[in-house]
Amino acid sequence: MPFGKIRWRLLAGLLLAGGVLPEGVRAQQQVASADIEQLSIEQLANVEITSVSRRPESLAQAPASIFVISAEDIRRSGAINLPEVLRLAPNLEVARLNGFAYTISARGFNSPEASNKLLVLIDGRSVYSPLASSVFWENVDVPLADIARIEVISGPGGTLYGANAVNGVINIVTQDSSQTQGALLDATVGTTDVKAMARYGFTPWDGGSLRLYGQTSHANNTSPVLAIDPVRSAWARNQGGFRLDQKLDDDSLTLQGDIFANSTPAMDVERGRGYDLSGHWSHALESGSSMELQAYIDGNTRILPSLAREQLDTAGLQAQHNTALWWNDTFIWGGEYRHSKEAFYSQTIIGFANPVTHLDVENLFVQDSFKLLDSLKLTTGIKIENSSYSNVDFMPDLRLAWQVADSHLLWASVSRAVRTPSKIDRELQAPGFLLPAPRFHSEKLTAYEAGYRGQLLQNLSLSVSLYYNQYDDLRTTFDTPVTVIPLQLRNGIIGDSYGGEAWAKYAVTDWWRLSLGANWLQRTEHLKPGRRDQTFGQSLGQDPPYQAQIRSEMNPFEDWEFDAGLRSIGHVKARDATTGNTKVLVGAYTEVDLRIGWRATSTTEISLEGFNLLHQRHLEFNDPSTYLPQYVPRAFMLNLRKTL
Amino acid sequence: MRARILAALSLILATGARADVSLEYTVKAAYLPKFVPFITWPETAFTSPTAPVTICVVGTDPFGGKLEQAASGLKSGERAIAVRYLPAPDPTVSCQLVFLGPGDMAVAEGTLDAMKGKPVVTVTDSGLKARGVISFLIEANHVRFDIDAATAAQGGVAISSKLLSLAHAVKQRGQP
């Protein structure tokens, strides 16, 4: 499967030692590089050298639905935080809940409770929580100016990424510190947010480079929908960190870490703090193959005053070897071991009999990619994963890519992915009301996908992906016959969904670019025989049937940028969790963002941004059982970016 | 299970096998011979009127054969394009384009110093602190290059405006 979990970017090439390669490998290279050599010097600058098979591969050849957000896209979006940046990906659903909380998913199941089928990685480190199989976005941030790119893959990533990459993977890759030398100051003042970031990069010794950063941000309260909602969700966050890169002859080493603390200063609703530290080593083997090893630790605390305190400590180790088995293939294999200590101390009756759980995940994967014909490439792999909460899960994957013509690729795939049980699935209990579910097992997906990606005209590129997903063993809240309570979580829903994602980039002139994106989703779920669900499908999330966006980026005069974005999101219709009545929970909405950027001097950039301009406020999500609904406001911001 | 995983990881560390050159270096290998037609060397740079334009890779070879493939069949005017690999800078070899790979930083800096004022176009890899006449860089996951036309001019080498227009950044003649 062609996905780029651990993208250690530019390093791979540095690892290659000289020496005589076997004849077979030379033959393989001739096949692989023939296309590149024929490109003109202008076209060479457009070759994307990303890794979607966890190894360098041209994006144009990846048989998967992958959208890449570049550093330039991030800068020109004016986005203030990571979830806002992710709105750029047409294959994601992003909904803001209040001052600090977001929910994000791919291909459906969006809600804080239901978005448990998406894996998020920052430089190879998983930020996914084993408590609920979800991501607590308020505890995830990366200095936006440090991001090299974000690869957003919709669809299963099970083979290379493992469990929980069921409906997608978000892979955030930060820049090598040699690319962020010197000082940068990035400050924003706005009607809703204040944020400042400072970064300094330097070369402490030959072959080494280091950057240090600190940032602080504050987001205002959002206004509640319900009169009874007392929550003041203003959000303050401080974060700092470093990245050290060291290049040696055959090796490159990266050490990076962050610390953060956040709080809701207007009212003590939620507090958090945490740190992470990870080391990565890439090594070139004499024969030309490469291997990569990464180890990390991560500690994360969330405090919900008078409700609960969660402390999650994780240590992970992963390794990968890129090589070839015979003359025209690429073979990747590797493994991962992760240990988490998940401690959840509840101050209410809903909690855990054993607050502290030790969880292990271990997996091995292999993938081989080879040409059946000159233009036909088959990629097949399997991941075998074992975790404390599940038996061994097998995640096989088969992908076929047909290079119809130079810049036209058709691809199709069939794959299986699973979501392993979370601590909540297995152990959550409330005496007399909810029983723990020691037999809850993995949710499963079989996905069929097909797509086209190519260059229709020299200035027009298009990607279209279609999918059909079959889910089994999704979560229900099962009742006890006659007395109804106690309830128990069970695997009881099967479902189908189908849909598509498409995006296009069109260069109207050399100073005006348009990007269009859209997705649509149709889904049906039903209970398995004998199963019931007392929450009326709350575990299925709230999804709009369609989303569409268009972005325009203009540079009409030297040093000036005029950017605009329009997004239109369909209404969310779902069953009310308490009454079971189907109704529109969130209305359809359309919003517009505008930005004017001016490069005042070669080192100073000033931009004025307006977000959500069409309405004073709008609602993006509505599930009072998780967060009381609050409106997303219109906002204006002024940004100064200075390099020294 | 844990012990088995760790055993497997240590096995990975011990295994050596084959793989291909990364796409990044395939692209760089494709660039090098394509620079040549845009560059005009003084006649004194060549040993004879028919001598080829020689691309020399000094130190570590990151291309693993790709460069010969990319250069084969290409010509610059009447001159063929040849590729040579030098373990270290060698003044007895006539090179018109010298690529300094991701190897020894000190060798790169020494070579750049030695080449200043000579009719040689130095090309430095991305990630190297030292920068030649042409220096590769990775921008937003694409391979781009900067050109230092000032240093090229010191060696009597002219770089066409077409190539300058394709560069990510250009240091013009007369600029400090």
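Residues numbered from 1 in each chain as written. Chains lettered and ligands numbered in written order. Predicted model: local features only at pLDDT ≥ 70, side-chain atom pairs only at ≥ 80, totals over all residues.

Visitor: Tell me what's going on with the overall build of chain B, and back it up with residues and numbers.
Guide: When helices and strands are counted, chain B shows six helices and 10 strands. Burial statistics for chain B: of 176 residues in total, 47% are counted as buried. The long-range share in chain B, meaning contacts at least 24 apart out of those at least 6 apart in sequence, stands at 60%. (Helix = DSSP H or I, 4+ residues; strand = E, 2+ residues; numbered from the N terminus. Buried ≥ 20, exposed ≤ 12 C-beta atoms within 10 Å, placed from the backbone. Contact = placed C-beta atoms within 7 Å.)

Visitor: Explain the overall build of chain A to me, and be specific about the residues and the numbers.
Guide: Along chain A, the regular secondary structure elements total seven helices and 34 strands. The globule rule puts the C-alpha radius of gyration for 644 residues at 26 Å, and the 24 Å found for chain A is close to it. Once the C-alpha set of chain A is aligned to its principal axes, its extents read approximately 75 × 55 × 45 Å. For chain A, the proportion of its 644 residues judged to be buried stands at 52%. In chain A, the proportion of contacts linking residues at least 24 apart, taken out of those at least 6 apart, comes to 64%. (Rg over C-alpha atoms; globule rule 2.2 N^0.38 Å.)

Visitor: Describe the sheet that holds strand β5 (residues 97-100) of chain B, with residues and values.
Guide: All names here are of chain B. Taken in spatial order, the eight strands line up as β3-β4-β2-β5-β6-β7-β8-β10 in an open sheet, and their pairing is mixed. Among the strands making up the open sheet, the edge pair consists of β3 (75-76) and β10 (169-171). Inspection of the sheet shows strand β2 (residues 53-58) paired to strand β4 (residues 79-86) by six bridges, in the parallel sense. Note that in β4 the partner of Thr54 across the bridge is Ala82. In this fold helix α4 (residues 105-115) packs onto β2, β5 and β6 (121-124), with an angle of close to 160° to the strand it touches most, β5. (Pairing = 2+ DSSP bridges. Axes fitted to C-alpha atoms, helices over the stretch in contact; angles between N-to-C directions.)

Visitor: Describe α4 of chain B, and please don't skip the residues or the numbers.
Guide: Every α-helix carries 3.6 residues per turn, so stepping three or four residues along brings you back to the same face. Residues and elements named next belong to chain B. Looking only at α4, the buried set comprises Ala108, Thr111, Leu112 and Met115. One face of α4 carries all of its buried residues, which in axial projection span an arc of 100°. For α4, exposure combined with an orientation more than 90 degrees from the buried face picks out Ala106 and Asp113. Against β2, β5 and β6 lie the buried residues of α4. (Arc of directions from axis to C-beta.)

Visitor: Tell me about the confidence of the model for chain A, and name the residues and values.
Guide: Residues and elements named next belong to chain A. For chain A, the average pLDDT comes to 86, and 91% of its residues sit at 70 or higher. The least confident element of chain A is helix α1 (residues 11-14), whose mean pLDDT is 24; the most confident is helix α5 (residues 82-86), at 97. Note on residues 1-34: pLDDT is under 50 here. Beyond four places in sequence and across chains, it has 122 contacts. Residue range residues 50-57 is modelled with pLDDT below 50. Its contacts to residues more than four positions away, or to other chains, number 41 contacts. (pLDDT = per-residue confidence, 0-100.)

Visitor: Please provide a residue-by-residue account of the sheet that holds strand β7 (residues 168-174) of chain A, values included.
Guide: Residues and elements named next belong to chain A. Taken together, the five strands give an open sheet; going across it, the order is β1-β6-β7-β4-β5, and neighbouring strands pair in mixed fashion. Of all strands in the sheet, those with a lone pairing partner are β1 (65-70) and β5 (125-126), marking the two edges. Note: strand β4 (residues 118-122) against β7, five bridges, orientation parallel. Bridge pairing in β7 places Ile122 opposite Ile172.

Visitor: Summarise the nonpolar core; cite the residues concerned and give the values.
Guide: Leu86, Val120 and Val152 of chain A are the most contacted members of the largest nonpolar core, which totals 71 residues. With residues near it in sequence (within four places) discarded, Leu86 of chain A still touches Leu92, Val94, Ile104 and Ile170 of chain A. Listed in part, the 49 residues of the second largest apolar core include Leu44 of chain A together with Ala30, Val58 and Val83 of chain B. (Core = buried A, V, L, I, M, F, W, Y, C linked by C-beta atoms within 7 Å.)

Visitor: Talk me through unusual backbone geometry; I want residue IDs and the actual numbers.
Guide: Residue and element names in this part refer to chain A. Phi is positive for Phe109, close to 65°, though the residue is something other than glycine. With respect to the helices and strands, the residue Phe109 is situated in the loop between β3 (102-105) and β4. Overall, the presence of 28 C-beta atoms within 10 Å leaves Phe109 in the buried class. Even without glycine at this site, Asp559 takes up a positive phi of about 75°. Topologically, Asp559 is positioned in the loop between β26 (546-554) and β27 (560-569).

Visitor: Give me the lowdown on helix α2 (residues 23-35) of chain B, citing residues and values where you can.
Guide: Between its terminal C-alpha atoms α2 of chain B stretches 19 Å, which fits the 18 Å expected from 13 residues at 1.5 Å a residue. Burial runs high along α2 of chain B: 13 of the 13 residues are buried. (Expected span 1.5 Å × (residues − 1).)

Visitor: Lay out the environment of Leu100 of chain B with the relevant residues and their values.
Guide: All names here are of chain B. Its location among the elements puts Leu100 in strand β5. Accessibility expressed as a C-beta count within 10 Å gives 29 for Leu100, which makes it buried. Along the chain, Leu100 and Arg131 lie 31 residues apart, while their C-alpha atoms are 9.5 Å from each other. Not counting residues within four places of it along the chain, the set of residues in contact with Leu100 comprises Val58, Gly59, Ala108, Thr111, Thr122, Val123, Thr124, Asp125, Leu128 and Gly132.

Visitor: Just give me the short version of the confidence of the model for chain B, but keep the residues and values in it.
Guide: All names here are of chain B. In this model, chain B carries a mean pLDDT of 79, and residues with pLDDT of at least 70 account for 83%. When mean pLDDT is compared element by element in chain B, β6 scores highest at 93, while helix α1 (residues 2-14) scores lowest at 35. Within the model, the stretch residues 1-20 combines pLDDT values under 50 with 47 contacts to residues more than four positions away or in other chains. Among the scores for the predicted complex, ipTM is 0.77 and pTM is 0.75.

Visitor: Let's hear about the environment of Thr579 of chain A: which residues, and what values?
Guide: All names here are of chain A. Within the secondary structure layout, Thr579 lies in the loop between β28 (572-575) and β29 (582-586). The class of Thr579 is exposed, set by 9 C-beta atoms lying within 10 Å. A sequence separation of 45 residues divides Thr579 from Gln534, and the C-alpha atoms of the two residues are 9.5 Å apart.

Visitor: If you had to explain the pairing of strand β9 (residues 193-202) of chain A to someone new, which residues and values would you point to?
Guide: Residue and element names in this part refer to chain A. Taken together, the eight bridges between strand β8 (residues 182-190) and β9 define a ladder with antiparallel strand orientation. When the sheet's bridge partners are listed, Leu184 is paired in β9 with Arg199. Between β8 and β9, which pair antiparallel and follow one another directly, the connecting turn spans two residues. Examined bridge by bridge, β9 and strand β10 (residues 208-219) share 10 bridges and lie antiparallel to one another. Bridge pairing in β10 links Phe202 to Leu210. Taken together, β9 and the strand that follows it, β10, pair antiparallel across an intervening segment of five residues, in which Gly207 is found at a positive phi of about 80°.

Visitor: Before we move on, could you go through the pairing of strand β8 (residues 142-148) of chain B and cite the residues and values that matter?
Guide: All names here are of chain B. Of the strand pairs in this sheet, strand β7 (residues 134-139) and β8 are connected by six bridges, and their pairing is antiparallel. Residue Ile138 lies in a different strand from β8, and its bridge partner there is Val143. Note: β8 against β10, three bridges, orientation parallel. Bridge assignment links Asp148 to a residue of β10, and that residue is Lys171.

Visitor: Describe the environment of Gly110 of chain B, listing the residues and the values that go with them.
Guide: Inspection of the secondary structure puts Gly110 of chain B in helix α4. Once the C-alpha coordinates of Gly110 of chain B and Ala130 of chain B are considered, the two residues, 20 residues apart in sequence, prove to be 9.7 Å apart.

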